[in-house]
Amino acid sequence: MKDSVRLFVPYRSGEGKMKKKVIIVDDSIAVARQLEKIIAESDEFEVLAQARNGAEAIKLYQGKKPDIVCMDMNMPLMDGLTALRTLLALDRSAKVVMITSLGGVGDKYTEALKLGARDVISKPFQPEDVLRVLRAL
Amino acid sequence: MAVKFFGQYLIEKGVVSREGLLKAVALQDSVNLKFGDMARSMGLITDADIDRVHDAQKTKDQHFGEMCLSLGILTKEQMQQVLARQKVTHLYIGEALVKVNAIRDEDLARHLAAFKADQAPYAVEAVAIPKGVPHAYLWEIAADLSYKMFSRVVNLTFRRGACTSITSMDRNDVVVAMQMHGTVEARYVLSVSAGVRDQIARAILKEQDVSKEPREVLVDAVMELMNIACGNIVAKAVQMGYAIEIAPPVIVAAPLAAPASGCALLFPLHTAEERVEVGIFIEKK
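Position labels on residues start from 1 in each chain and follow its written sequence. Here the convention is simple: chains get letters from A, ligands get numbers from 1, in the order in which they are written. Per-residue local features are limited, in this predicted model, to residues with pLDDT of at least 70; the limit for side-chain atom pairs, both in listing and counting, is 80 or more; totals at the level of whole chains, interfaces and linings are taken over all residues. For side-chain calculations, the full set of non-hydrogen atoms in the structure is used, while hydrogens and water are omitted.

**Remarks on the overall build of chain A**
1) Next: Strands here are runs of E lasting at least two residues and helices are runs of H or I lasting at least four, both read from the DSSP assignment and numbered beginning at the N terminus. Counting secondary structure elements, chain A contains 5 helices and 6 strands.
2) Next: In chain A, the order of α-helices and β-strands from amino to carboxyl end is β-β-α-β-α-β-α-β-α-β-α.
3) Next: Each radius of gyration is computed over the set of C-alpha atoms, and the globule rule expresses the reference value as 2.2 Å times the number of residues to the power 0.38. Computed over C-alpha atoms, the radius of gyration of chain A comes to 14 Å, within 12% of the 14 Å expected from 2.2 N^0.38 for 137 residues, which places it in the range of a compact globule.
4) Next: Here chain A holds 137 residues, and 61% of them are scored as buried.
5) Next: Residues are treated as being in contact if the distance between any of their heavy atoms lies within 4.5 Å. Look at the contacts in chain A between residues 6 or more apart in sequence, and 66% of them connect residues 24 or more apart.
6) Next: Using the Shrake-Rupley algorithm and a 1.4 Å probe, accessible areas are obtained, with residue cover drawn only from the displayed protein chains. Carbon together with sulfur atoms contributes 51% to the accessible area of chain A, which is approximately 5900 Å² in total.
7) Next: Neither His nor the chain ends contribute to the count of charged residues, in which Lys and Arg are positive and Asp and Glu negative. In this description, the location of a charge corresponds to atom NZ of lysine, CZ of arginine, CG of aspartate or CD of glutamate. Side-chain charges of chain A comprise 22 positive and 19 negative groups, with the mean position of each set lying 4 Å from the other. The rule is simple: take the accessible area with a 1.4 Å probe, protein chains only, and divide by the maximum for that residue type; under 20% is buried, over 50% is exposed, in between is partly exposed.

Below, the structure written as structure tokens:
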């Protein structure tokens with residue numbers, strides 16, 4: 001399978017304050033686009049790169065060291081919970097937010113928190129849901 | 001807005017902290033014993049029996065209690081005793097949150113009522129399923145939540161068609177599927193014509209115009225709608241006692257036939273000009 005990582009050019013705001021860098025991990029182009037738009041329109045965050053599965057996310061995280069990772073759970077090749085476990089084994093301080101349609105499944109939600117996810121956002125989500133969680137990190 | 005569980009709702013409302021919820025879940029894990037652990041704690045089975053059951057489960061898909069019966073480890077009466085003890089001692093998440101002081105006992109009823117009101121839009125409305133179909137209530141959940149997602153996420157105007165048993169499902173502009181494993185082995189299929197495909201893409205991408213989008217993006221949006229629908233179906237099904245996992249969505253190119261050892265259901269959504277269908281292909285377990 002070809003590498004589907006997308007990289008973005010970091011942006012410095014007019015006030016000279018660096019925005020927090022986010023990587024998006026989702027096999028859905030549509031969701032990644034939606035998240036990218038929400039984040040790009042905020043003043044506080046910017047998308048650094050996108051990955052389409054957990055394995056790509058880990059590689060990307062090690063190379064880019066983002067401030068925040070927004071990650072889906074149900075993905076091919078490596079699912080989000082496996083990627084979360086691996087990522088936190090590499091960097092215990094990684095800030096990972098799971099964004100998933102499985103958020104309402106109690107076991108999945110609590111497993112993500114037990115593993116160290118900072119929060120879980122259920123799909124469908126609204127822009128304010130995402131920004132509220134990212135701001136709280 | 002989505003199907004949620006109580007602990008998640010309380011975190012989102014800022015009523016409990018992440019740490020408070022995790023403490024409560026840890027307490028639940030220590031109190032709500034699995035069937036084998038409960039039977040052992042009651043002195044009805046040994047560690048060696050548990051190993052025997054686990055070995056047998058590798059070749060036959062059967063619940064722990066039923067396997068104990070099959071292997072002659074427990075009598076039917078003893079199995080009922082274990083199930084009854086599990087029920088009596090079960091600690092719900094609300095009670096666990098009170099026990100770990102994450103919420104106050106006197107506030108629990110109020111929070112539960114607010115949660116119930118929040119989730120009322122996702123209460124399952126009855127959908128008639130043909131007689132003899134296994135796990136009919138699960139398919140009612142699947143159909144009703146699919147209808148709700150089309151109404152609320154896509155803003156599609158449609159009339160719910162009667163559910164029918166089918167032997168095959170015809171091609172359409174986009175047909176995508178998601179495998180469900182666990183209590184049931186089934187395939188959830190979503191089939192949409194071009195106009196609805198674009199309407200879904202506009203809703204998922206939150207764009208007014210998707211006419212210049214490549215087909216890949218439009219199909220991906222349909223897969224994402226299915227992912228949202230199935231995730232919420234699983235969340236609701238788990239609340240009702242089913243154990244279900246879903247696999248990532250896939251595109252279906254060939255016409256679909258009902259499994260030889262199972263059955264298939266069709267839930268049409270009637271619109272003025274478009275063809276929209278949800279299909280459930282159920283393997284016999």
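Moving on from the model shown.
**Quick look at the sheet that holds strand β2 (residues 20-25) of chain A**
Residue and element names in this part refer to chain A.
1) Next: Here a strand pair is declared whenever DSSP counts at least two bridges between the two strands. Strands sit in the order β1-β3-β2-β4-β5-β6 across an open sheet of 6 strands; the sheet is mixed. In the strand order of this sheet, the two ends are held by β1 (6-7) and β6 (119-122), each with one partner.
2) Next: Sheet analysis places strand β5 (residues 96-100) next to β6, joined by 4 bridges and oriented parallel. Counterpart to isoleucine 99 in the pairing with β6 is isoleucine 121.

**Details of the state of the cysteines**
All names here are of chain B.
1) Next: Disulfides are defined as cysteine sulfur pairs within 2.5 Å. By the definition in use, this model includes 0 disulfides over all chains.
2) Next: Cysteine cysteine 163 shares no disulfide, and the gap to the nearest cysteine sulfur, in cysteine 263, comes to 9.4 Å.
3) Next: For cysteine 163, a relative accessible area of 13% corresponds to the buried category.

**With respect to the interface of chain A and chain B**
1) Next: Contact with chain A, which involves 32 residues of that partner, is made by 37 residues of chain B.
2) Next: Buried area: the accessible area, evaluated with a 1.4 Å probe, that two parts lose upon being put together, summed over both parts. Roughly 2900 Å² of surface becomes buried between chain A and chain B when both sides are summed, with 55% attributable to carbon and sulfur atoms.
3) Next: If you sort the residues of chain A by the area they bury against chain B, Arg33(A), Asn74(A) and Pro124(A) come out on top, with a joint share of 20%.
4) Next: When a carboxyl oxygen of Asp or Glu is within 4 Å of a side-chain nitrogen of Lys or Arg, the pair counts as a salt bridge. Across the chain A-chain B interface, the total number found is 4 salt bridges.
5) Next: Across the pair Glu245(B) and Lys108(A) runs a salt bridge, and its minimum N-O distance is 3.0 Å.
6) Next: Any N or O atom pair separated by 3.5 Å or less is treated as a polar contact, with the protein-specific requirement of one donor-capable and one acceptor-capable atom, and with residues adjacent in sequence counted only for side-chain atom pairs. Scanning the region where chain A abuts chain B turns up 15 residue pairs in polar contact (both at pLDDT 80 or more).
7) Next: Those elements that place two or more of their residues in the side of chain A that touches chain B are α1 (29-40), α4 (106-115) and β6 of chain A.

**Let's talk about the layout of surface pockets**
1) Next: Of the grid points, spaced at 1 Å and generated over the protein atoms alone, those admitting a 1.4 Å probe that cannot get out make up cavities, while open sets with protein on both sides within 12 Å along at least five of seven lines make up pockets; any residue with an atom within 4 Å of a point is treated as lining. Grid points are joined across faces, edges and corners, and a volume is the space filled by probe spheres set on the points. In this structure, the second largest pocket encloses a volume near 430 Å³.
2) Next: In terms of lining, the second largest pocket is formed by 26 residues, of which the most central are Ser4(A), Asp27(A), Ser28(A), Ile29(A) and Arg52(A).
3) Next: Elements with a minimum of two residues in the lining of the second largest pocket: α1 and β3 (45-51) of chain A together with α11 (215-239) and β7 (250-251) of chain B.
4) Next: Considering every element that reaches the lining of the second largest pocket, the biggest residue donor is α11(B), with 5 residues.
5) Next: By residue class, the composition of the lining of the second largest pocket is 11 nonpolar, 5 polar and 10 charged. Classification convention: Asp, Glu, Lys, Arg as charged; Ala, Val, Leu, Ile, Met, Phe, Trp, Tyr, Cys, Pro as nonpolar; all other residues, Gly among them, as polar.

**As for α11(B)**
Residues and elements named next belong to chain B.
1) Next: With 25 residues, α11 ought to run about 36 Å at 1.5 Å a step, and its terminal C-alpha atoms sit 36 Å apart, in line with that.
2) Next: Where burial is concerned, most of α11 is hidden: 21 out of the 25 residues are buried.
3) Next: Looking at the residues trailing α11, positive phi occurs at glycine 241, about 100 degrees. Here the expected span of a helix is defined as 1.5 Å times the quantity of residues minus one.

**Focus: the packing of helix α2 (residues 54-64) of chain A against helix α3 (residues 80-90) of chain A**
Residues and elements named next belong to chain A.
1) Next: Axis definition: a line fit to C-alpha positions, over the contact stretch in the case of helices; interaxial angles, taken between N-to-C directions, run 0 to 180 degrees. Viewed as axis vectors pointing N to C, α2 and α3 meet at an angle of 20 degrees, and their least axial separation amounts to 9 Å. Overall, the two elements α2 and α3 adopt an arrangement that is roughly parallel. Considering only the axes of α2 and α3, their crossing is right-handed. Between α2, through Gly54, Ile58, Tyr61 and Gln62, and α3, the contact on the second element is made entirely by Ala83, Thr86, Leu87 and Leu90.
2) Next: Here the residues of the contact of α2 with α3 sort into 5 nonpolar, 3 polar and no charged. Any angle that is under 35 degrees is reported as roughly parallel, and any over 145 degrees as roughly antiparallel; angles of 65 to 115 degrees are reported as roughly perpendicular and all others as oblique. Note: crossing handedness is left-handed where the near helix turns anticlockwise from the far helix by less than a right angle, and right-handed where it turns clockwise.

**Things to note about the packing of aromatic side chains**
1) Next: Pairs were defined over the aromatic rings of Phe, Tyr and Trp, the Trp ring being its six-membered one, requiring ring centres within 6.5 Å. Orientation was assigned from the angle between planes: stacked under 30 degrees, edge-to-face over 60, tilted for the rest. What the rule picks out here adds up to 5 aromatic pairs over all chains.
2) Next: Ring geometry for Tyr109(A) against Phe5(B): centres 5.3 Å apart, planes inclined by 70 degrees, an arrangement best described as edge-to-face. Residue Tyr109(A) is found in helix α4, and its partner Phe5(B) is found in the segment before α1 (6-12); the two belong to separate chains. Accessibility classification places Tyr109(A) together with Phe5(B) in one group, the buried group.
3) Next: Ring centres 6.0 Å apart and planes at 35 degrees place the aromatic pair Tyr147(B) and Phe158(B) in the tilted group. Of the two residues, Tyr147(B) sits in helix α9 (residues 136-152) while Phe158(B) sits in the loop between α9 and β1 (159-160), which places them 11 residues apart along the sequence. Comparing Tyr147(B) with Phe158(B), the two get one shared label, buried.
4) Next: Ring-pair connections join several aromatic residues into one group, and the members of that group are Phe6(B), Tyr9(B) and Phe115(B).
5) Next: A cation over a ring is seen here: Arg152(B) above Tyr122(B), with NZ or CZ 5.1 Å from the ring centre. As a reminder, the over-ring test applies to NZ of lysine and CZ of arginine, requiring each to be within 6 Å of the ring centre and within 35 degrees of the ring normal.

**Some points on the nonpolar core**
A general tendency of soluble globular proteins is for nonpolar side chains to be buried together.
1) Next: Judged by nonpolar contacts, the single largest core of 107 residues is most densely connected at Met71(A), Trp139(B), Phe150(B) and Phe267(B).
2) Next: The leading source of residues in this core is α11(B), at 15 residues.
3) Next: Ignoring any residue separated from it by four or fewer positions in sequence, one finds Phe150(B) in contact with Asn155(B), Leu156(B), Phe158(B), Leu190(B), Val192(B), Val196(B), Ile200(B), Leu225(B), Leu269(B) and Val276(B).
4) Next: Core analysis: the second largest hydrophobic core is formed by 19 residues, Val22(A), Val31(A), Phe45(A) and Leu134(A) among them. Residues grouped as a nonpolar core are buried Ala, Val, Leu, Ile, Met, Phe, Trp, Tyr and Cys residues, joined through side-chain atoms within 4.5 Å.

**Structural notes on the packing of α3(A) against α4(A)**
Residue and element names in this part refer to chain A.
1) Next: Packing of α3 against α4 leaves a shortest axis separation of 10 Å and a crossing angle of 10 degrees. Between α3 and α4, the angle is such that the two are roughly parallel. Counted together, Leu81, Leu84, Arg85 and Leu88 of α3 and Lys108, Glu111, Ala112 and Leu115 of α4 form the full contact between these two elements.

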